[in-house]
Every structure is written in structure tokens, then in C-alpha cells.
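Geometric and topological summary
Take a look at the letters that make up each chain.
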Amino acid sequence: MGLVKKGHQLWFFEELYPDVTYGFKVSKVIVPETQTGFQRLMILETDRLGRVLVLDGIVQLTEEDEGIYHEWIAHWPLFALLKPAKHVLIVGGGDGGVAREALRHPYLKSVTMVEIDKMVVDLCREHMPAISGDIFGDPRFKLIIGDGAEVIRADKGKYDVIIIDSTDPIGPAKSLFNTSFYQSVYDALAEGGIAIHQTGALILQPYECPGSWRQMERIFDDVRVVQFTNVSYMGGPFSLTAGSKGKKVFKQAERNAKKAYKEAGIKTDWYSPQIAALPYPEFQKRLELDRYGEEIVMDIELAGPRMPGLKQVKKWSRETCEAIKMKAFGAPMVSAPGFGEGDTLVQYIETSAINYRRYGKTACANCFTCAALPVDDAVGFSLADFGARGAVCWHLPRGSFADVKHIRRNTKIFKAGLSPSKGMAIKSKIYRPRLMGSADVFSPDFKLPMDQGFSSAFELIMDIYDCDYSMISSCEAVSRWAAEGFSKAAGLTPIGRAEAPDFGHAKKKTAGPSVTQLLAKGSNISHYSVNWLMIVVNVVSGKGFPLRKAIEYTMDYFQGKYAVCWILPRGISSQNIKDIADRTAIFAVEKK
Ligand code: AG3
């Protein structure tokens, strides 16, 4: 939309959201839309809001209400610190508003601002001088024109506060919303330091704050969301996401802020230490609990003598959907009509997929949901349906962004059986997988459980983080990986075509394509979360393949930076649960 003529009047309408907009009457165009080389810049004058800076169609500030944003993003971290800040880094913030507020702190020795777009600095200084105020005359202030993501890498342990005053993650700021950038921010902080980033409107950009939260949670010692509302940023509650270096910082933030605010003797118009330290605890709690999904993997000991045929497995699939309260999407995919050993059935469900295959007398089933999974129902139901004696189960948190040790603790391996009366699953003692280093798993000495004669098949599960948006959002690219790239890298034989139907995930947070490539004696099923830049992959195979090649190929293809992987023995039944846990590996793979 942008500028629109309405009769004799000129109006501006924001373009951030495709289906909802807001606008105001423009009294004068101060700087007509200019391509700066990084973005489109425009400065407008309005009667109600004063002058307005617009970048790529999005309002960045208005003279009338800029104080709300600039005060919150600058004073919240500066006052929350355990001791007064000496050095502050601003990434972005070319209009100077953040620097102006930061420089009011009396103990500060330096404020460095790294802005990529010199035209933002120059034009704001010329046409909205009140925003930057006296910063350019302040000897503590230093301006670097450059890429914040690069500059920051050279500055380890230097800053007490880092403020990322960027545009939204479209255009030049895209590289500031990912794990590797947050890692360099963390590294550039001094012990006890705080970094804060603008992370969008909570309701209208529902994945921006949770997405940054997930990435920051992995790197920082503690994460908080700060909320405010202003006039310029459409959509009501707006978020700043802050991370600390050191576990204690935020716990004492409220107390610190009250004390520090008094001592600094600064008068603010909007920021207040009274409401600064614990903003919206319920929203915070929701973020902490929210996970991408979970999975129950079952090796079901069939009682025989007849093995389940396709009809019975289809019935299992239908009824499992009911048991786990998931709508089926489309018809199940089946690798061969005869449905012999190793043949696979995959049923997409509203948030992901369930699948089944059999090796010998073991039915191998997986139920993956991007929502709470009623594990007991899934297991109890499957046991009853196949008239089975018992099952070995792996309950895995998927896409949890946590540290591999934490994920290991949340991975549960147990045996389940049916209680005679109620059909409920009874669990044995719970075991954890073996934590390994990727070097050990990738070494020639590592043997797959099937090569140890322990199982008839195995499963490689990968959660890969910080992937490239353009690759994981393209059905074509993900299908190509599944159909050609992965099969080739792993030396597996594809059956049929890789299907990447767009079935519109019921939960928006998990939005993205899903792909299934059936394989000889196995399958490769993957889901892509475009909002969390993450992919989850399950490859079951009756044939061994080189793990290092398969994992590294996949990470390279999607430009993923970090992966948590599991190796599960599949097609087992009567082994001791402790041995099974011992042969289940979990490991992290980091890309240098
Ligand atoms: N930078 C943050 C602008 C965010 C706008 N996004 C939005 N409305 N969704 C502003 C620069 C001010 N110094």
C-alpha cells in the first residue's frame, strides 16, 4: 500500500501484514521513498504524530511516541543490571533514539552504535534532529557504519548491554534473528550483561518473539520478554526479548532496577522500574512450556502366529488418529500393496505423521505430533489393537531447542504392557539414551545396533536447528533432498516419489512443508518449521548407511548449524530394556 491518494489527501498505509493495515493522513512528504542500497526509506510529516520514519513500508518511529520504545529498550536492560553499565553496543538504531536514551546513564563510558545504513543516520539527523539529540557531540558516543553481525564477532566479553534495535526479520535485519548472531551477541557480553532485541508484535507476528526466544534460550543463561504498547507499531502488545549472561541477572532485575533508577536520578516519561522486571509472567510461562512436538516410538512384540496385514494396519492408523486426537490428512501412503516385511505405511495427520512397518515379529510404529501427545493412549491402544504382549517405547521431545544433555534427560525409554482390566499401558522403570560425542558416532569403530546383531533395523532421528528459510520453506527443495540428495548420500533405494503435500498445519507454529520418501525396507519422513527455522527428520532403515555422510549432507543442504540426533535400534522385542537404552544413542552435531 504505502502512500495512497484519497481525494485531495495523501495517506500512508503500513505494509507489514498482508491482511491488516493501519494508516494516517500525511501532511507533507519530507523524504520521498528512496532506495538506500539496503532498504526503502521515507520520512513523512503528519499533523497528529509529527514526523514519521518508514523503512520498507514499516513505521519505525514517530516523533510523537518514539519515547515509549526508546525508553523501554534502553532503560530496561541498563537498569536491570547487577552493577552500572560501562559499555553499551547498539546494533542498528540509526535514527539515534536508543543512543540518546542510553547516554543519559551517568556511569556509562562508551556507547558504540553499528548501523549498516548510513542514509538512515544522515537523513534522520537532518530531518528529525530531536531523535538523536546531542549524541553526536557526546565524547562517549562512537558510530560505526557496518554490519553489526560482523563487527560484534571481534568484540568478546566487552559490553554490559547490547541493544539490537533492528527492523523486522525481513530485509537487511534478517541475519540478526538467528542462533549464530545471538551466539556472537552472547560472546560479546561481559559477565552479568544483558542483550535485548525488538521481536515484533505478539499477536500479529506470533512467531517472531517465540522464534527469537527459542534461539536465545539455547545460548543465554536466562531469557525474559518485555512488553510495551505504542502508537507506531501496529498490533497492540509489542515485544522485546532479553537474554542475560549469568543466571542471576534477571532474578534480581526488579530490585536492581528500583535502586539503580533512584541513584541515576533520570526522569523517564514511559519506563518505570515498578513494572519493568517481571512483565507479563503468564506469557513468559507459556513460552517456557511451548515445545515444537513430541514423539512416541514403539517396537511392539507381536503375539503371532499371523502377522498383521495391510487392512489391519490401516485400521490401526485410523484408530490411532482417534486415540491421539489428531485428524488424518489424506489417505495413508503405503510402500507396497503386498505389505511384507519392512514395508511402510505413513499417515499424515493435522500436525505431522504417524507410521508403521514390521521387521520379523516386531511391529515398529511412530506417532509424532506437534502438540501434546497422549502417550499412554497411543501405547495402550496400539498394544490392544495388535493383541500384543508388550512394547519397547521411546518417548522423545522433538524440536525443544534445549541442550543435548537436557534433551537426553527428557528422553524416556521404557517397556509397556497392558493391564488386564483397563487396557492402560504400564511402564517399566524409565531409562535414558547413551550420551555420545559426534566424533564417536562418526568414527569407523561405531557399530549400528543392527551390525551388532542387536536389531533388524535402526532409526536415525535428527532435529536440525537454525536452517535456511528459503530451503526449508520450499516444497521443491525439501522434496529434492528427500527424493535424491539424502537417498544418494545414504545409499538407500527410494520407492515411489517424495510427497510434499501442503496440508496446512493445524497449529500455526509448526507451519511448513512435510515430506515422505518411502525406502526399500524403511522410510524417510521430515517436517519443516518455517517459523522456528528447524527441521525434524526420521529415517528408519533395515539397511545400514554412513551416518556422518547422511547427517552432514542434510545439515549442509539446509544450512543447519546445530543438530540433536538419536540412533534407535528398531525391530527388537525381547531384549533387556537396559541394553536397549544402552544401544540408543543421543548426540549433538555442531557445524563449524
Ligand atoms: N526499530 C524497530 C521497529 C519495529 C517495527 N516493527 C513492527 N511494527 N512490527 C525501530 C527503530 C527505532 N529506533
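Preceding block: the structure.
In this report, the structure presented in the accompanying data block is examined. (Residues numbered from 1 in each chain as written. Predicted model: local features only at pLDDT ≥ 70, side-chain atom pairs only at ≥ 80, totals over all residues. Heavy atoms only, no water.)

**Overview of the packing of aromatic side chains**
Where we set the bar: Side-chain rings of Phe, Tyr and Trp (the six-membered ring for Trp) are treated as a pair once their centres are within 6.5 Å; stacked means planes under 30 degrees apart, edge-to-face means over 60, and tilted covers the remaining angles. A ring is scored as having a charge over it whenever the NZ atom of a lysine or the CZ atom of an arginine sits within 6 Å of its centre and within 35 degrees of its normal.
Scanning all chains against the criterion turns up 33 aromatic pairs. For the ring pair Tyr22 and Phe24, a centre distance of 6.1 Å and an interplane angle of 75° mean the geometry is edge-to-face. Taken together through their ring pairs, the aromatic side chains of Phe458, Trp481, Phe486, Tyr528, Phe545, Tyr553, Tyr557 and Phe558 make up a single cluster. One Lys or Arg, Lys6, reaches over the ring of Trp11 and ends 4.1 Å from the middle of that ring. Here the guanidinium or amino end of Lys245 rests over the ring plane of Tyr186, the centre of that ring lying 4.8 Å away.

**Points about the pattern of salt bridges**
This is how it is decided: For this analysis, a salt bridge means a side-chain nitrogen from Lys or Arg found within 4 Å of a carboxyl oxygen belonging to Asp or Glu. Whether a residue is buried, partly exposed or exposed follows from its accessible area with a 1.4 Å probe, protein chains only, as a fraction of its type maximum: under 20%, in between, or over 50%, in that order. The helix and strand labels rest on DSSP assignments: H or I over at least four residues marks a helix, E over at least two residues marks a strand, and numbering proceeds from the N terminus.
Inspection of the entire model under this criterion finds 22 salt bridges. The partner of Asp269 in a salt bridge is Lys267, and the shortest N-O contact between them spans 3.3 Å. Just as Asp269 is exposed, Lys267 falls in that class too. The salt bridge partner of Arg570 is Glu459, with a shortest N-O separation of 2.4 Å. Taken together, the residues Arg570 in strand S29 (residues 562-570) and Glu459 in strand S24 (residues 457-465) connect sequence positions 111 residues apart. Exposure class is identical for Arg570 and Glu459. Each is buried. Each of Glu15, Glu33, Arg40 and Asp56 takes part in a single network of salt bridges with overlapping partners.

**Concerning the site of the ligand**
Definition in use: Throughout, the term near means that a residue has one or more heavy atoms lying within 4 Å of the molecule or strand in question. In the analysis that follows, any N or O atom pair within 3.5 Å is treated as a polar contact, provided that within protein one partner can donate a hydrogen and the other can accept it, and provided that, for residues neighboring in sequence, both atoms belong to side chains. The Shrake-Rupley method, run with a 1.4 Å probe, gives the accessible areas here. Residue values count only the displayed protein chains as cover. Under this grouping Gly is polar, as are all residues other than the nonpolar Ala, Val, Leu, Ile, Met, Phe, Trp, Tyr, Cys and Pro and the charged Asp, Glu, Lys and Arg. The split of the chain into domains comes from an automatic or database domain assignment.
Close to the ligand lie 15 residues, the nearest being Leu16, His70, Asp95, Asp165 and Asp168. Here a nitrogen atom of the ligand and a side-chain polar atom of Asp95 are 2.6 Å apart. One of the side-chain N or O atoms of Gln205 is found 3.1 Å from a nitrogen atom in the ligand. Calculation on the ligand without its partners gives an accessible area of 400 Å², and the protein chains cover 98% of this total. Secondary structure elements with two or more residues in the shell around the ligand: strand S7 (58-62) and helix H1 (66-80). Looking at the shell around the ligand element by element, the count peaks at 3 residues for S7. For the shell around the ligand, the per-class residue count stands at 7 nonpolar, 5 polar and 3 charged. Counting contributing residues, the shell around the ligand receives three or more from each of domain 1 (2-62) and domain 2 (66-288).

**So, the environment of Ser479**
Short version of the rule: Contacts are residue-level and defined by heavy atoms, with any inter-residue pair within 4.5 Å sufficient.
The topology assignment puts Ser479 in helix H15 (residues 475-490). Take Ser479: its relative accessible area is 16%, and that puts it in the buried class. Leave out the neighbours within four places in its chain, and Ser479 touches Glu484, Ala498, Ala500 and Val515.

**Describing helix H7 (residues 208-219)**
As a reminder, the rule being used: The length a helix should cover is 1.5 Å for every residue beyond the first.
Under the 1.5 Å per step criterion, the end-to-end length of H7 is 17 Å for 12 residues, consistent within 8% with the ideal 16 Å. For H7, the buried fraction is high: 10 of the 12 residues fall into the buried class. Of all the residues in H7, the buried ones are Glu208, Cys209, Pro210, Gly211, Ser212, Trp213, Arg214, Gln215, Met216 and Ile219.

**With respect to the sheet that holds strand S22 (residues 425-427)**
Our working rule: At least two DSSP bridges between two strands are needed for those strands to be called paired. Only C-alpha atoms enter the line fits that serve as axes; for helices the fit covers just the stretch in contact. Angles between N-to-C directions range over 0 to 180 degrees.
Strands sit in the order S16-S17-S18-S19-S15-S20-S21-S22 across an open sheet of 8 strands; the sheet is antiparallel. Of all strands in the sheet, those bounded by a partner on one side alone are strand S16 (328-334) and S22. Strand after strand, the sheet turns through a mean of 20° between neighbouring axes, direction not considered. For strand S17 (residues 345-349) and strand S18 (residues 353-359), the ladder comprises 4 bridges, and the chain directions are antiparallel. Residue Tyr348 lies in a different strand from S18, and its bridge partner there is Ala353. Across the sheet, helix H11 (residues 375-385) is in contact with strand S15 (293-301), strand S19 (362-369), strand S20 (390-398), strand S21 (412-418) and S22; its angle to S15 comes to roughly 25°.

**Considerations on unusual backbone geometry**
For Asp56, which is not glycine, the phi torsion reads 45° and is therefore positive. Relative to the helices and strands, Asp56 is located in the loop between strand S6 (50-55) and S7.

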